[in-house]
Amino acid sequence: MGYYHSTYFAYGVHIPTDSSAWEEEERITEVLKPLKDRCPDVRTLSAGDYDRNMLFLVTESTEIDLGDYGRTSSATAEQHAAWDAQLAAAVEALGYGDRRLEAAGWLCVPDLS
């Protein structure tokens, strides 16, 4: 058995979970299906420390392999505003609106699988 290291650059928000990231990710996928017209760019990212993955709602993400480098998107202010609106709509629809989530932004998430 080996380990696979990677890193993700993503625009989104961290979603703290009480259950496993995988279980919550399945629920999110089902809830977001009917919202594709309002949140077309929103999807999940599950990554972190081996079997203790963290969960994120993201709009754009790029995987960067160990030993490589990457750049964040050159998205415009208008694109960031659209992403923020989509993420906010998804957060509300998923029932996370009452949580004190950090504002959406560019994230760097190391992953060990």
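Every value quoted in this text rests on a predicted model; they were computed, and no experiment measured them.

Quick notes on the environment of Asp-68
- Mapped onto the elements of the fold, Asp-68 is located in the loop between strand S3 (52-65) and helix H2 (77-93).
- When its relative accessible area of 51% is taken as the criterion, Asp-68 is described as exposed.
- Taking the C-alpha atoms as reference, Asp-68 lies 12 Å from Phe-9; in sequence the two are 59 residues apart.

Considering the confidence of the model for the protein chain
- Taken over all residues, the pLDDT of the protein chain has a mean of 88, while the share at 70 or more is 99%.
- When pLDDT is averaged over each helix and strand of the protein chain, the minimum, 88, is found for helix H1 (residues 21-32) and the maximum, 95, for H2.

Thoughts on the nonpolar core
- Residues Ile-28, Leu-32, Val-42, Leu-57, Ala-90 and Leu-94 are the most contacted members of the largest nonpolar core, which totals 19 residues.
- Of all the secondary structure elements, the ones that give two or more residues to this core are strand S1 (5-15), H1, S3 and H2.
- Among the elements that take part in this core, H2 stands out by supplying five residues, more than any other.
- With seven residues, the next largest nonpolar core counts Ala-10, Ala-47, Phe-56 and Val-58 among its residues.

Considerations on the packing of aromatic side chains
- One pass over the full model with this rule turns up three aromatic pairs.
- Pairing Tyr-11 with Trp-83 gives two aromatic rings, centres 5.3 Å apart and planes at 40 degrees, and the pair type is tilted. Placement of the pair is Tyr-11 in strand S1 and Trp-83 in helix H2, with a sequence separation of 72 residues. Per residue, the accessibility class of Tyr-11 equals that of Trp-83, and both read buried.
- A relative accessible area of 4% means that Tyr-11 is categorised as buried.
- Here a set of aromatic residues connected by ring pairs shows up, and it is made of Tyr-11, Trp-83 and Trp-106.

Analysis parameters
Residues numbered from 1 in each chain as written. Predicted model: local features only at pLDDT ≥ 70, side-chain atom pairs only at ≥ 80, totals over all residues. Heavy atoms only, no water. Helix = DSSP H or I, 4+ residues; strand = E, 2+ residues; numbered from the N terminus. Buried < 20%, exposed > 50% of the residue type's maximum accessible area, 1.4 Å probe, protein only. pLDDT = per-residue confidence, 0-100. Core = buried A, V, L, I, M, F, W, Y, C linked by side-chain atoms within 4.5 Å. Phe/Tyr/Trp six-rings, centres within 6.5 Å; stacked < 30°, edge-to-face > 60°.

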